[in-house]
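Architecture at a glance
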Amino acid sequence: MLSFIFRRLGLLIPTFFGITLLTFGLIRMIPGDPVEVMVGERTLDPQMHADAMHRLGLDKPLYAQYVDYIGNLLHGNLGESLVTKTSVWTEFKTLFPATLELALAAMAFAVVFGLLAGVIAAIKRGSIFDHGVMGISLTGFSMPIFWWGLILIMFFSVKLGWTPVSGRLDLAFDITPRTGFMLIDTWLAEAADPSANAGAFKDALMHLILPAIVLGTIPLAVIARMTRSSMLEVLREDYVRTARAKGLSPARVIFVHTLRNALIPVLTVIGLQVGTLMGGAVLTETIFSWPGIGKWLIDAISRRDYPVVQNGILIVATLVIITNFIVDILYGVANPRIRHAK
Amino acid sequence: MSLLEIKNLSVEFGSEKNPFRAVEGLDLIVNQGEIVGIVGESGSGKSVTMMAMMGLLEGQGRIVADTLQFDGKNLLTISARERRKIVGKDIAMIFQDPMTSLNPSYTVGYQIMEVLKIHQGLRGAALKQRALELMEMVEIPAAASRLNAYPHQLSGGMSQRVVIAMAIACNPKLLIADEPTTALDVTIQAQIMELLVNLQKSQNMALIMITHDLAVVAEVAHKVAVMYAGQVAEMAKVPGIFRTPTHPYTEALLKSIPEHSKGAHRLSTLPGIVPGQYDRPSGCLLSPRCPYVQDKCKAQRPGLTAIDGGVVRCHYPITAKEA
């Protein structure tokens, strides 16, 4: 098991290297530079432009800039934003809990309903439920996130007035951030001072529901379809017949003998969805004005804030990699044949 | 009273309008402590019969029978819950391919103990003790260390021993072995067969042995049912059926044993294949392949007629012809 973990860790180094190259290169391919964007439409004296670029170290040749960047990274220096002058890490730390809260809620929604729908569809194969679930999940998978988000806002927020349109919390509440997770913070605040903060938790929850559904829709569709096909495959296995021949209850046959094996490919898919989730968070946060890293990165790109883009994406990518790494290890736990492979 | 009594069992697959009869009008009686061989080509309905009896067809097949009785209980009318109390405990089954019959995600110890937990309510040390005992009974060496092994760490023969241990865990009254040695290599086949027969004797179980291997059946079985296209072609006692087969199909099967063709250039065969769903003849199902076919055989399906010590489904049984 240990050597399995180390082998997987060894594969991470080239991956990180690739990511730094990509982010470094891509942001510089976009026309314009940070100084031009800051100045906006006013005309800019070429000399002042050159001075500003020099101050930022952006007048060096690209390879030198890349070497500087990697050098800083290796020293653990993620740099600071060209616009706000705060360190990238501090900004990330402040904004990340919002994204994490949204992503966790979306993932919980996707996993719970995806697994459930997939398992039931597989057991009742060919039924109306099966066709319904598969049809809906195909629709969900094909739906553009921004459109789906706007439709939900129009219907639930504007027409029915059930949920707020945007943000994380109503402005009427003044909650001191302790964990950065609004659900927890409002819960604590309500417990500490019930009279002033009554209803804060419910308000935070209502703010979270729509974005979580929007963000979780694609993973939900993918998980449901994957669970179904994986379940159907395992249900045909000889060992499932053996389990039934042992006189086990249908529930035991399904959950102990079938689902356990069917989950192995589903687990991989869930891991891969974390990447999708981060990509989706950018759109979802923009639609719902959710103050997380998705919105932060979008703003940084439009300001050509090179350090924020490079390192912000690097941090996000690291998180995705770590998640996949954990999934790989879980994969070994779930599947003894992989754990024992030399 | 017989342990297992099947009368006029039919199993159908497919749509109501256009059904495929995998088993048709099957009769079988198994007494306590008896070894019954069921032989026949692939697709003759051997396995389906047993799966139907155990309720393993799971709504895929329609099962109709006059009698389907095990140990005094009517398997046709009892609830699924009641049936699950019998299946795995009093009737157990061993399958063809041991490598795929065990769940790859659980240790073999877990899979053996699961049966004991569910049917006998054993827990803790007693449970482990009994599992060990069973693994020793099926002659797994170093049983204690193998409790925690996963199926992929065992060889095919070893896996089949685990499957057998699981099957005999609750001292079943009837053990069904569905081609238990087909997927194993020859040296292991003999060992597993010997183990099964020894267990049958020591536990006094009834044993239904589904197989292609007539030699095995001749050696161990008390009674043999020869199946063809979902029907019993002939059922008779051993060794009578091997000395004087009365059904042309039985005779052809016996002739095709390589040892019987010594000195010949080619092995004896029965031309053709088992008829499928759409090309079943209207007369005797064997008529297109039968070397002794008559006009009556093509026109009319034969029923089962009693012969010396058994039954045969033929208009012109071989002994009658010779007499």
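What counts, and at which threshold
- Residues numbered from 1 in each chain as written.
- Chains lettered and ligands numbered in written order.
- Predicted model: local features only at pLDDT ≥ 70, side-chain atom pairs only at ≥ 80, totals over all residues.
- Heavy atoms only, no water.
- pLDDT = per-residue confidence, 0-100.
- Disulfide = S-S within 2.5 Å.
- Buried < 20%, exposed > 50% of the residue type's maximum accessible area, 1.4 Å probe, protein only.
- Phe/Tyr/Trp six-rings, centres within 6.5 Å; stacked < 30°, edge-to-face > 60°.
- Helix = DSSP H or I, 4+ residues; strand = E, 2+ residues; numbered from the N terminus.
- Salt bridge = Lys/Arg side-chain N within 4 Å of Asp/Glu carboxyl O.
- Contact = heavy atoms within 4.5 Å.
- Buried area = accessible area lost by both parts, 1.4 Å probe.
- Polar contact = N/O pair within 3.5 Å; in protein donor to acceptor, adjacent residues only side chain to side chain.
- Nonpolar A, V, L, I, M, F, W, Y, C, P; charged D, E, K, R; others polar.
- Pairing = 2+ DSSP bridges.
- Axes fitted to C-alpha atoms, helices over the stretch in contact; angles between N-to-C directions.
- Parallel < 35°, antiparallel > 145°, perpendicular 65-115°, else oblique.
- Left-handed = near helix turned anticlockwise from the far one by under 90°.

Moving on to the confidence of the model for chain B. Chain-level statistics for chain B give a pLDDT mean of 86 and a share of 97% at 70 or above. Quick note on the complex model: pTM equals 0.78, ipTM equals 0.85.

This part covers the state of the cysteines. Residue and element names in this part refer to chain B. Using the criterion set out here, one finds 0 disulfides over all chains in the structure. As a non-bridged cysteine, Cys 284 has Cys 297 as the owner of its nearest cysteine sulfur, 6.0 Å distant. Overall, Cys 284 belongs to the buried group, its relative accessible area being 12%.

Another point: the packing of aromatic side chains. All names here are of chain A. All told, the structure shown has 12 aromatic pairs over all chains when counted by the stated rule. With 6.0 Å between their ring centres and 15° between their planes, Phe 24 and Tyr 69 make a pair best called stacked. In this pair, Phe 24 is assigned in helix α2 (residues 12–29) and Tyr 69 in helix α5 (residues 62–74), connecting sequence segments 45 residues apart. Residue class for Phe 24 comes out buried when judged on its relative accessible area of 6%.

Here the focus is the pattern of salt bridges. Summed over all chains, the structure comprises 19 salt bridges over all chains. A salt bridge links Lys223(B) to Glu34(B), with the nearest nitrogen and oxygen atoms 3.7 Å apart. On the criterion of sequence distance, the pair formed by Lys223(B) in strand β10 (residues 223–228) and Glu34(B) in the loop between β2 (20–30) and β3 (35–39) is long-range, its members being 189 residues apart. Residues Glu133(B) and Arg130(B) are paired through a salt bridge, measuring 3.1 Å at the closest nitrogen-oxygen approach. Of this pair, Glu133(B) and Arg130(B) are both found in helix α5 (residues 124–137), 3 residues apart, which corresponds to roughly one turn of the helix. What makes Glu133(B) partly exposed here is its relative accessible area of 37%. Among the ionic contacts, a cluster of salt bridges with common partners joins Lys246(A), Arg252(A) and Glu114(B).

With that settled, the discussion passes to the side chain of Ser159(B). Along the chain, Ser159(B) falls in helix α7 (residues 156–167). Once you skip the residues sitting within four places of it in the chain, Ser159(B) turns out to touch Pro98(B), Met99(B), Leu102(B), Pro151(B) and Leu154(B).

What follows covers the interface of chain B and chain A. At the interface, 26 residues of chain B touch 21 residues of chain A. Buried area between chain B and chain A, summed over both chains or domains, comes out near 2300 Å², and the portion from carbon and sulfur atoms is 55%. Scanning the region where chain B abuts chain A turns up 2 salt bridges. Here Arg252(A) makes a salt bridge to Glu114(B), at a shortest N to O gap of 2.7 Å. Scanning the region where chain B abuts chain A turns up 15 residue pairs in polar contact (both at pLDDT 80 or more). Mapped by element, the contributors of at least two residues to the side of chain B that touches chain A are α1 (46–54), α3 (98–101) and α4 (108–120) of chain B. Of the residues belonging to the side of chain B that touches chain A, the class tally is 13 nonpolar, 9 polar and 4 charged.

This brings us to unusual backbone geometry. In this chain, Val238(B) is followed by Pro239(B) through a cis amide linkage whose omega measures 10°. Mapped onto the fold, Pro239(B) is located in the loop between β11 (231–237) and α10 (240–243). With phi around 50°, Arg304(A) is a residue other than glycine that occupies positive phi space. The residue Arg304(A) is located in the loop between α13 (293–302) and α14 (306–334) in this model.

Attention shifts here to the environment of Leu3(B). Residue and element names in this part refer to chain B. Along the chain, the position of Leu 3 falls in the segment before β1 (4–13). Residue class for Leu 3 comes out buried when judged on its relative accessible area of 5%. Considered as a pair, Leu 3 and Gly 72 are 69 residues apart in the sequence and their alpha carbons are 7.6 Å apart.

Okay, the pairing of strand β7 (residues 91–94) of chain B next. All names here are of chain B. Taking every second residue as pointing to the same face, both faces of β7 are buried, with Ile 91 and Met 93 on one and Ala 92 and Ile 94 on the other. Pairing between β7 and strand β8 (residues 174–178): 4 bridges, direction parallel. Its bridge partner being in β8, Ile 91 is matched across the sheet by Leu 174.

This part covers the packing of helix α10 (residues 200–235) of chain A against helix α12 (residues 250–287) of chain A. For any two helices packed against each other, the geometry comes down to the angle between their axes and how far apart the axes lie. Residue and element names in this part refer to chain A. Between α10 and α12, the shortest axis-to-axis distance is 8 Å and the interhelical angle comes to 155°. Between α10 and α12, the interaxial angle falls into the category roughly antiparallel. Here α10 runs over α12; the crossing is right-handed. Residue classes in the contact of α10 with α12 are distributed as 20 nonpolar, 9 polar and no charged.

With that settled, consider the environment of Met48(A). Residues and elements named next belong to chain A. Inspection of the secondary structure assignment puts Met 48 in helix α4 (residues 46–55). We classify Met 48 as exposed; its relative accessible area is 52%. For the pair Met 48 and Val 35, spaced 13 residues apart in the sequence, the C-alpha separation amounts to 9.6 Å.

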